[in-house]
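# Architecture and fold: a report
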Amino acid sequence: MNKTADLSLLFVVFIWGVTFVMVQNALSFLEPFTFNAVRFFMALIFLLIPYLLTLRKRQKRSNKGLLLAGIHIGVWLFLGYGFQTIGLNYTTPAKTGFITGLSVVMVPVFSLLLLKHKLSRPTMIGVGAATAGLYLMTFADRSTMNIGDLLVFLCAISFAMQIITTARYAKSLPALPLTLVQLSTVSLLSFASAFIFNENHSVIFQSSVMLQKDVWTALLVTAAFATAFAFFAQTFFQAYTTPTRVALIFSMEPVFAALSSYILIGEKLTSASLFGCVLIFLGMILAELPSRKKTKITQEITR
């Protein structure tokens, strides 16, 4: 099941990576918080349909713990998107990509401190290799840190905590309702933020905007696949893997984003970017070594 979980999460990251260009195009018509509010609301509807259809097969009882857990995960996810969105106004996309990717380093540290998960030497080497790869892929100027960099650093902390928090609840709570609460939280907080930051949220009612191909395509694809499916898969499969391995798998997002940008819009890949891809792959392979070694030892013991 561990291998299935890792491959499923890798497919999730592939979806995130290939939809990056699509989202960028849509944001020229919709402002960020408004786009996220509609995206997560649509994803909520997509998952609410199968939930209601199977409701009779489950016990109808309230679960306060599940509600609080979903809100807890959703708040961290919203903060990640929020800090990243605002930070992009003050720093470069390249620096944003690298700083966000630092969650790969933060997750094992938080796992050790909050979940008491011990880290093997190959895993730590893998984390280091993935971090170096992320740096090479998103290398920018060595300018001093500004407010935008700080905001994106808070984004990285938030995404790391979303992974840690999901790991905390995924094994004990049903994935589908937990994901529904998470998506509801992000959508509501995004709508509230659109009002607070005076975004022109009324454009979602304007057919001239919503009928734009870039807008409805991006909303439909990101809501159905990059949000509904992706976060349900993360919530479900994190019960079968570790937060550190999830973070390493998620470090593949800029790799898929770079490849899709090259294919879709002809963005050139430098030698540093290609070497960065290799380091990230190496980091993922190294992260697999402890589990394989442990499996062999377990097999020998049980013989």
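Residues numbered from 1 in each chain as written. Predicted model: local features only at pLDDT ≥ 70, side-chain atom pairs only at ≥ 80, totals over all residues. Heavy atoms only, no water.

### Observations regarding the overall build of the protein chain
Defined as follows: Here a strand is any run of E in DSSP of at least two residues, a helix any run of H or I of at least four, and the numbering for each starts at the N terminus. Exposed residues in this analysis have more than 50% of their type's maximum accessible area, buried residues have under 20%, and partly exposed residues fall in between, with area computed by a 1.4 Å probe over protein chains only. We call two residues in contact whenever any of their non-hydrogen atoms come within 4.5 Å of each other. Values of accessible area rely on a 1.4 Å probe in the Shrake-Rupley scheme; residue burial ignores everything except the protein chains shown.
Tallying secondary structure elements over the protein chain gives 14 helices and zero strands in all. Of the regular secondary structure in the protein chain, the N- to C-terminal order runs α-α-α-α-α-α-α-α-α-α-α-α-α-α. Residues counted as buried form 48% of the 303 residues belonging to the protein chain. Long-range contacts, defined here as pairs at least 24 residues apart, represent 92% of the contacts in the protein chain between residues at least 6 apart. Summing over all exposed atoms, the protein chain offers an accessible surface of approximately 15800 Å²; the carbon and sulfur share of this is 68%.

### Remarks on the nonpolar core
Defined as follows: Throughout, nonpolar core names a set of buried Ala, Val, Leu, Ile, Met, Phe, Trp, Tyr and Cys residues whose side chains join them through atoms within 4.5 Å.
Val13, Trp16, Phe40, Leu77, Phe231 and Phe250 are the most contacted members of the largest nonpolar core, which has 48 residues in total. Filtering out sequence-adjacent residues up to four positions away, Phe250 remains in contact with Leu9, Val13, Trp16, Ile163 and Gln234. Core analysis: the next-biggest nonpolar cluster, separate from the first, contains ten residues, Leu30, Phe35, Val38 and Ile204 among them.

### Considering the packing of aromatic side chains
Put simply, the rule is: Ring geometry is summarised as follows: Phe, Tyr and Trp rings, the Trp one being its six-membered ring, pair when their centres sit within 6.5 Å, and such pairs are stacked at plane angles under 30 degrees, edge-to-face over 60 and tilted between the two.
Counting across every chain of the model gives twelve aromatic pairs. Between Phe11 and Phe14, the aromatic rings sit 6.2 Å apart at their centres with planes inclined by 20°, giving stacked as the arrangement. Linking Phe11 with Phe14, this pair stays in helix H1 (residues 2–18), spanning three residues, or about one helical turn. Classification of Phe14 as partly exposed rests on a relative accessible area of 36%. Taken together, Trp16, Phe40, Tyr81, Phe159, Phe231 and Phe250 form an aromatic cluster joined through their ring pairs.

### Examining the packing of helix H4 (residues 64–87) against helix H8 (residues 147–170)
Basically, it comes down to this: Each axis is a line fitted through C-alpha atoms, and for a helix only the stretch in contact is used; angles between axes span 0 to 180 degrees, taken between their N-to-C directions. Our angle categories are set so that under 35 degrees counts as roughly parallel, over 145 as roughly antiparallel, 65 to 115 as roughly perpendicular, and the remainder as oblique. Crossing handedness follows the turn of the near helix against the far one: under a right angle anticlockwise gives a left-handed crossing, and clockwise gives a right-handed one. The classification used treats Ala, Val, Leu, Ile, Met, Phe, Trp, Tyr, Cys and Pro as nonpolar, Asp, Glu, Lys and Arg as charged, and all other residues, Gly among them, as polar.
With their axes 8 Å apart at the nearest point, H4 and H8 run at an angle of 160° to one another. When the axes of H4 and H8 are compared, the pair comes out roughly antiparallel. At the point where H4 passes H8, the crossing takes the left-handed sense. Classifying every residue of the contact of H4 with H8 gives 15 nonpolar, nine polar and one charged.

### Quick look at the environment of Tyr81
With respect to the secondary-structure elements, Tyr81 resides in helix H4. In the structure, Tyr81 is positioned 49 residues away from Pro32 in sequence and 9.1 Å away in space, judged by C-alpha atoms. With residues near it in sequence (within four places) discarded, Tyr81 still touches Asn36, Arg39, Phe40, Phe159 and Phe231.

### As for the packing of helix H3 (residues 32–53) against helix H11 (residues 213–237)
Packing of H3 against H11 brings their axes to within 8 Å, and their N-to-C directions diverge by 60°. Our classification of the angle between H3 and H11 gives oblique. Classified by chirality, the crossing of H11 by H3 is right-handed. Of the residues in H11, those in contact with Phe35, Val38, Arg39, Phe40, Met42, Ala43, Phe46 and Leu47 of H3 are Ala218, Leu219, Leu220, Thr222, Ala223, Ala224, Ala226, Thr227, Ala228, Phe231 and Phe232. Considering only residue class, the contact of H3 with H11 consists of 16 nonpolar, two polar and one charged.

### Here we look at the environment of Ile99
Relative to the elements of secondary structure, Ile99 occurs in helix H5 (residues 93–101). Between the alpha carbons of Ile99 and Cys155 there is a distance of 8.5 Å; along the sequence they are 56 residues apart. The residues contacting Ile99, other than those within four sequence positions of it, are Asp149, Val152, Phe153 and Ala156.

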